[in-house]
Each structure stands twice: as C-alpha cells, then as structure tokens.
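# Examination of the molecular architecture
Here's the letter readout for the chains.
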Amino acid sequence: MAACEETNSELEELEKFLEEEVSLHELKGLSGRVMEGAELGDVRCLNFLRNAMAKGPCFREAFRPADVSTCAVVFLKRAEGDRDEARSEAIKLLNNVVCGSQELAPEIWKEIFQSDLDILSQDDVPTLALLNACINADEAAAFAFSTDEKLLSSSTRCLSSEDEDLALWSLVITRKLAQSPKLFKASLATLQESEEGFKCLDTFIYAVDELLSSDNVHLKIKLDPESLVGILSTLAKDGKASALTLLGTAASTGNLVENAVEVSICGLQSAVDGSLTSARSSALRLLMFSVHLGGREAQNLVLQLGGIPLVLSSMGVDDTNPLMREWSVMCIRNLTEDGKLKIRKA
C-alpha cells in the first residue's frame, strides 16, 4: 500500500514536470518505474507516456520512443483480447510514437498488425488511427495492408459503421489507398479474391466515389487514370453498379478512361440482361459523359457497338430509379449532331 502511494506521489510529481515542460533528467529512477508500470498496463503510466511523446524532443530524451514502443507492445501481447482502457491507451501511445518517430513505423506495423495479435477483431478509433499512422509513415506497410484481406476487409466494414468517428477514420484510410494507383489496384484485387472480401468491395468502391465527388477539400481526391483501368473496368463491364458509378464520377471530372464507351455499353448490356436497375442507370451516366467528352469518335463507336437500342430501351419510367430515364435522354442529346439524331443513321 505504501509503495503504491509512493508511486502515485511520484507520478503526480512527474505529471507536474510534464505540464511545466521541465527537463526530466534529474528525476533519477522514476522513468524506469513508469516504463515498468506501462508494461503492466497501468493506465496512468501509459497516459503519461502518451503525453510525453506528444511533448517533443525534451521528453523523448528521457523516454526513448523505441523503448516506449516496446513497453506498449509487450503489454498488448499480454492483454490480447482485452478491450479495456489500458489497451486503448497503449494503442494511442503507439500512435503518438509513430507520429513523432516515423522510422519506428515498420517495426510497430510488424509487431501489431502482422503478428498473432487479432488487433482488428473488434474495431475502434484508436486502432484505426494507429493503422492510418503506420501506412502513411511506411509505404511498405501501406502495400502490405492493401494485400491483407483480413485487415483490409475489417477497415472497409467500418465505412458503414454507425459510429461517425470510426467511419471517418476508415474513410481517411480508404483515401490513402485511392490516391495511389498501385495501392488502389492491389486493394481491388485483394477484396475480390475471397468471399468475405467481395462482400466489402461495393462499400470500398462507393467510398472512393464519395471521396472523388466530395466538396470537402480535405477528402477530395483525383484518381490517376491508371487506377481506373483493369479490374475496375472489368467489374463495370459485368454490370457492377459501384464500378460504373465510380467511372462515371471520374468521367464527370474530365478523367475519362480510354475504353469508357465500350465499358459503359457492356455494362449497360449486362444490366439489361440481369435486370439490374441501379447498374443500368450508372452505365447510362457513364455513357453520357463518355460521348460528351469523346466527341464524334465516341458517337461513331456507340453506333458500331449497337448502343442505341440499349439507350432507347432504358427510357421508360422506373419508380425504383427515376433518374434512369433522365440519363437516357441526356445520352440521346449527346448523340445529336447538326440537329439530326445519330439514331437515324444507325
């Protein structure tokens, strides 16, 4: 009991120094006891170290980030499966370590996300924040994440979470993946490889579409054309609404893929064959932008591929997707040349 009171008194003294930003060199022996407490999951010790890492070089001399990181990892391995306050503090501590010492990110990534720790079994904000810090600090970690079906699926599922903070962190992570053609294509490939990942594919693609079309300057992205070919185009041709929607949004920003007309007509045909109303509307929207941006060459290609009947067949009223008819009308308008519809030439 007396030892506990002594430790609490020392921590209070240490926290006072932290607040006053005084050098800690004269506090002999106390730093070691704080580190030991952190290893055992003492919330107050973990919280103190987290604040110390945020204070800067002065306190990083007294508490080396590498040693602090080791303490947090040791505790997390001991407390595997626990979801208590100490676990949350340890993860927040690691986040501060990575933000201040990015060279430690590869090791922390390996110890936390590529170990036997089931760290994302129950998603929370501190864990996603640490994940984001690691993949932003280390490109190798970012690529490893984009190819890890379990981690990627767990993060993607959080996009639809009712917890706004959790959904926002997941969106920030998705933004990182979408901004790199290499990471984006790897993520698409990873999610479609397994049944569990494929369930998250639409959520991932729609999130990228939201980022692309968002008015929020902090979230808006500009997809590289290289990101829009390959798997995404294949999915669109198969009538996947999310892929057609993303390609259409990209086209609306002037970022049109080379084979957009072919993709949109194939997607439209697949949607008609499968009675996929949402995909049909998205394909028409993509076709509208494709013809508008592609000019005469795109108009001729629509004729060659037999796209006119598909567009005309979509002009009926559909209560489940009222915009479908509007997109069809816009497609016809963009196929107009010198007052004469290209339909008459077909």
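This write-up is about the structure you can find in this document.

Positive phi is not limited to glycine here, since Ser 275 has a value of about 55 degrees. Here Ser 275 shows up in the loop between α16 (260–273) and α17 (277–304). Look at Ser 275 and you get exposed, because its relative accessible area is 62%.

Next up on the list: helix α6 (residues 85–100). Over its 16 residues, α6 extends 23 Å from the first C-alpha to the last, a length consistent with the 22 Å expected when each residue adds 1.5 Å. Summarising burial for α6: 12 of the 16 residues are buried, a large majority. Those residues of α6 lying buried are Ala 86, Arg 87, Ser 88, Glu 89, Ala 90, Ile 91, Leu 93, Leu 94, Asn 95, Asn 96, Val 97 and Val 98.

Next up on the list: the nonpolar core. Formed by 101 residues in total, the largest nonpolar core has its most connected members in Leu 49, Ile 108, Trp 109, Leu 130, Phe 145 and Leu 232. At 10 residues, α17 tops the list of elements feeding residues into this core. Once you skip the residues sitting within four places of it in the chain, Leu 130 turns out to touch Ile 91, Leu 94, Asn 95, Val 98, Ile 108, Ile 112 and Phe 113.

Relative to the elements of secondary structure, Ser 242 occurs in helix α15 (residues 241–252). Looking at Ser 242, its side chain comes within polar contact range of the side chain of Asp 202, at 2.6 Å. Residues within four places of Ser 242 in sequence aside, it is in contact with Asp 202, Ile 205 and Tyr 206.

Attention shifts here to the environment of Ser 161. Position of Ser 161 relative to the elements: it lies in the loop between α10 (149–157) and α11 (164–178). Residues Ser 161 and Asp 123 lie 38 residues apart in sequence; the distance between their C-alpha atoms is 9.9 Å. Ignoring any residue separated from it by four or fewer positions in sequence, one finds Ser 161 in contact with Leu 166 and Ala 167. Only 3.0 Å separates the side chain of Ser 161 from the backbone nitrogen of Asp 163, close enough to count as a polar contact.

Position of Asn 255 among the secondary structure elements: in the loop between α15 and α16. Its relative accessible area of 8% is what places Asn 255 among the buried residues. Here the side chain of Asn 255 touches Leu 223 through a polar contact of 2.4 Å, landing on its backbone oxygen. Discounting residues that sit within four places of it in the chain, Asn 255 has contacts with Leu 223, Asp 224, Pro 225, Leu 228 and Ala 250.

About the cut-offs
Residues numbered from 1 in each chain as written. Predicted model: local features only at pLDDT ≥ 70, side-chain atom pairs only at ≥ 80, totals over all residues. Heavy atoms only, no water. Helix = DSSP H or I, 4+ residues; strand = E, 2+ residues; numbered from the N terminus. Buried < 20%, exposed > 50% of the residue type's maximum accessible area, 1.4 Å probe, protein only. Expected span 1.5 Å × (residues − 1). Core = buried A, V, L, I, M, F, W, Y, C linked by side-chain atoms within 4.5 Å. Contact = heavy atoms within 4.5 Å. Polar contact = N/O pair within 3.5 Å; in protein donor to acceptor, adjacent residues only side chain to side chain.

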